[in-house]
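# Reading the structure
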Amino acid sequence: MPVLRRANSPMLLFLPALLVLAVFLLVPYLNILVMSFRTPGQGIPYAPGWTFGNYTKFFSDWFFIGQMANTLWIGFATTLACLLIGYPVALQLARGSDRLRGLRYGIVLTPLLVGVVIRSYGWTILLGNNGVINRTLIGWGLIDGPLPLMYNGLGIIIALTHVLLPFMILPVMGAIQGIDPALGLAARSLGAGRSTVFRRVTLPLSLPGVQAGCILVFVLSVSAYVTPALIGGLRVKTVAVSVVDALIDTFQWPFGSAMALILSVVGGLCVLAFARATRMKWAAAR
Amino acid sequence: MKKRPADVIFSVYCWLVYAFLLTPIFIVVLASLNAGNFLTFPPQGLSFRWYVVFFENEVFRRAIVTSLWVATVATLISGCIGTAAAIYHVRYAGRAKEAVRLTMLAPLLLPEVLTAIALLFFVYSIGIGTRGMVGMVVGHVLLTLPFVFMNVSASLESFDPDWDLAARSLGAGRLMRFRRIMLPMIKPGVIGGCMFAFIISFDAFTISFLLKSVGTSTLPIQLFDYLRTNFTPEAAAVSSFSVALTLVVVIFTEKVLGLKIRRF
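As the structure is a prediction and not an experimental result, all values here were calculated from the model.

## Topic: the overall build of chain B
- Helix and strand counts for chain B stand at eleven helices and zero strands.
- In chain B, the succession of helices and strands from N to C terminus is α-α-α-α-α-α-α-α-α-α-α.
- When the backbone C-alpha atoms are referred to their principal axes, chain B occupies close to 75 × 70 × 30 Å.
- Scored against the burial criterion, the 264 residues of chain B give a buried share of 45%.
- Expressed as a percentage of contacts within chain B between residues at least 6 apart in sequence, the contacts between residues at least 24 apart total 75%.

In C-alpha cells:
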C-alpha cells in the first residue's frame, strides 16, 4: 500500500470509500427525499409540482400507523429473542476450546451461508397450516386443527430470529473473546465464584458487543423485506413490504419514498435512543 | 474438570439453539431428496431425481454464474476500500473517529429496501437504468462495505500506537512497520471480512431484486420467481446445492488457507 508512504495524507485511505458512499448513497438518498415531496401522478410515477401530501397521507391514516407499530413491535421482539437465545451460545463459543467448537461455530454461521429466500422457504415448509409442525402435532393427537404459526406476527418473529441470530452471536462472541482471560483468573484467585466473575467481569465487558448486536438485529429486522413478504403473506404487512408494493405494483413513487423515509427515520430514532440509554447505563455498570 | 449440573443445563440449552438454527435448512435438504412430485412429509422415498432436473435447467445454471460473478467483483471492491478506510479509522481519524465509523456503517444502518429504491431511482435519473450490472454491483458494494470495515476495525482495536513508535525508534521504515505490525494484525480481519462480504452478497435479495436487469437474475431472485409458481422439490434441490457450494468455499478458506477468523 504505497499510499501509506505519504505521511501527510492518510486521508487518501478513507477517500475511496467516502466517494463511493457520497455518490452512490448520499446523492441517491437526497434524490429520494426530493421524490417524497413530489405530487403523485395518474399512470405516471409522479406529476410536476410539490406537496407535503405524501407525509400527511401516512400520518393521517391509522392503517399505516398501525403497520408502523406492528413493524417496530416485530423488531423489538426479534431483538429480545436474539439476545436471550444468542448470548449463552456466544459465551460458549468464545470460551469453549473443545474439538466440537469448529462444528458449533459452523452451525452458528449456517443461516448466513444460506440465502434469505431459502431460509424463508424452509420455514414455510415447517410452519404452514399443512406444514411439518402442524401435521406432526395433529398426527400425535395433540391438537385438532392447525395452529396459526404462519401468516402472522409470530411466524415473522420466529423466522427473523433464526435469520438474524448470527448478527447477535458474532459481535457478542467477538467482545467476549477480546476480554483478557487473565482478568477472570485474577478475579477467581481473589475468591470470586464463577457467577460473580460472569456478573462483574465478563458481562460488563461484553456489553459493547451486545449493543452492536442489538442495533444490527433491530435495524435488519425492521427493514427486512423477504421474510415478512413470504411468511407474513397478505394478512400481516410490515412497512417495508408496503413500500415495495407501492413502488413496484402501483407505481406510487412519491408515496413509497415518503413511507420508506418515515420507516428509516423512526428506526434510526429507536437506535439512537437505545445507544444513548445503554451508553449511560453501561458506563455506570463498569 | 468435573461437570456441574449448571454446565449440563447450559450445554443442553446451547445444543437446542443449534438445532433451531439447523432445522429449516435440514428440512429443505430433506425435501430435495423427495422422490415424489410435491413437497410432502415424510418424503415418498428418497431419490436424486430433482438434482438431475435442476442440473439440466439452463436458467438456474446461468443464475449461479451471475451470482458468483457479482459477489466476487463486489467483494474485491469492498475489500480494498473497506480495509483502507478501517486503517484510517483506527490509526488516523483522531477526533473524527466516531464520524468515520458512522459513515462507514451507514449502508447497514439504512434499510436495505430504501437503499435499493434510492439506487434504482438514481441509476434511472443518470440514464444508465438497470442495463448491464453496474447498479447491482454498486448496490452489493454498499451492502458489503460495512462488514469488511467492521471486521478489519475489530482486528485493529487492540492496536497500540506505541508499537509503531517503538518500531520506528528501532529504525523500521514506514513500509516495514506496515508489513510487520499492521499487516499481521489486519490479515484475519480482511479475510474474515471478505468472506462475510462474499456470503452477504451471494445472499442479497432485495437490492438485486430491484436493480436486476433482464437476463441478469442472481440465484436468490431466480429461486424467488420459481417459488411463486412451482411447488416441486426442484427448488429444494437448488437451495441445497447453493448451501453446499457456500460450505465448500468456507471449508476451503478455513482448512486450506488455515485461517482462524475467530482468534483475533
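## Topic: the overall build of chain A
- A tally of regular secondary structure across chain A gives twelve helices and two strands.
- Along chain A, helices and strands appear, N-terminal first, in the series α-β-β-α-α-α-α-α-α-α-α-α-α-α.
- Overall, chain A is about 75 × 75 × 40 Å in size when its C-alpha atoms are taken along their principal axes.
- With 286 residues in all, chain A has 44% of them scored as buried.
- Sequence-distant contacts, at least 24 apart, represent 70% of the contacts inside chain A between residues at least 6 apart.

## Observations regarding the nonpolar core
- Of all hydrophobic cores here, the largest spans 159 residues; its most connected members are A:Ala90, A:Val243, B:Ala85 and B:Ile117.
- For this core, the leading source of residues is helix H7 (residues 153-177) of chain A, giving 16 residues.
- Residues contacting A:Val243, with those up to four places away along its chain left out, are A:Gly256, A:Met259, A:Ala260, A:Leu263 and B:Val113.

## Details of the interface of chain A and chain B
- Listed per partner, the contact involves 62 residues of chain A and 68 residues of chain B.
- Taken together, the elements giving at least two residues each to the side of chain A that touches chain B come down to helix H1 (11-35), helix H3 (62-95), helix H4 (101-113), helix H5 (116-127), helix H6 (132-139), H7, helix H11 (239-249) and helix H12 (253-285) of chain A.
- When residues in the side of chain A that touches chain B are grouped by element, the largest group, 14 residues, is from H1(A).
- In terms of residue class, the side of chain A that touches chain B is built from 45 nonpolar, 13 polar and four charged.

## So, unusual backbone geometry
- Of note in this structure, A:Tyr151 is not a glycine but carries a positive phi near 60°.
- Mapped onto the elements, A:Tyr151 comes out in the loop between H6 and H7.

## Side note on helix H6 (residues 134-156) of chain B
Residues and elements named next belong to chain B.
- Across its 23 residues, H6 extends 32 Å between first and last C-alpha, which sits within 8% of the 33 Å expected from 1.5 Å per residue.
- Helix geometry: H6 is bent most strongly at Thr144, by close to 35°, with proline Pro146 lying one to four residues after it.
- Judged by how many residues are buried, H6 sits mostly within the fold: 20 of 23 residues are covered.

## Brief notes about the packing of H1(A) against helix H4 (residues 97-109) of chain B
- Relative orientation of the contacting elements H1(A) and H4(B) amounts to 50°, with a least axis distance of 10 Å. On the basis of their axis angle, the class for H1(A) and H4(B) is oblique. Between H1(A) and H4(B) the crossing geometry is left-handed. Where H1(A) approaches H4(B), its residues A:Phe14, A:Ala17, A:Leu21 and A:Leu25 are matched on the opposing element by B:Val100, B:Thr103, B:Met104, B:Ala106 and B:Pro107.
- Tallied by class, residues from the contact of H1(A) with H4(B) come to eight nonpolar, one polar and no charged.

## Brief notes about the packing of helix H3 (residues 58-92) of chain B against H6(B)
Residues and elements named next belong to chain B.
- Taken N-terminus to C-terminus, the directions of H3 and H6 make an angle of 40°; their axes are 7 Å apart at the nearest point. When the axis of H3 is compared with that of H6, the two are oblique. The way H3 lies across H6 gives a crossing that is right-handed.
- Counted by class, the contact of H3 with H6 contains 15 nonpolar, nine polar and no charged residues.

## Focus: the confidence of the model for chain B
Residue and element names in this part refer to chain B.
- On average, residues of chain B score 83 in pLDDT, and 92% of them reach the 70 mark or higher.
- The element-level mean pLDDT for chain B is lowest in helix H11 (residues 234-256), coming to 79, with H3 highest at 91.
- Scored as a whole, the predicted complex attains pTM 0.78, and scored at its interfaces, ipTM 0.82.

What counts and how
Residues numbered from 1 in each chain as written. Chains lettered and ligands numbered in written order. Predicted model: local features only at pLDDT ≥ 70, side-chain atom pairs only at ≥ 80, totals over all residues. Helix = DSSP H or I, 4+ residues; strand = E, 2+ residues; numbered from the N terminus. Buried ≥ 20, exposed ≤ 12 C-beta atoms within 10 Å, placed from the backbone. Contact = placed C-beta atoms within 7 Å. Core = buried A, V, L, I, M, F, W, Y, C linked by C-beta atoms within 7 Å. Nonpolar A, V, L, I, M, F, W, Y, C, P; charged D, E, K, R; others polar. Expected span 1.5 Å × (residues − 1). Bend = angle between axes of the 7 residues up to and from the residue. Axes fitted to C-alpha atoms, helices over the stretch in contact; angles between N-to-C directions. Parallel < 35°, antiparallel > 145°, perpendicular 65-115°, else oblique. Left-handed = near helix turned anticlockwise from the far one by under 90°. pLDDT = per-residue confidence, 0-100.

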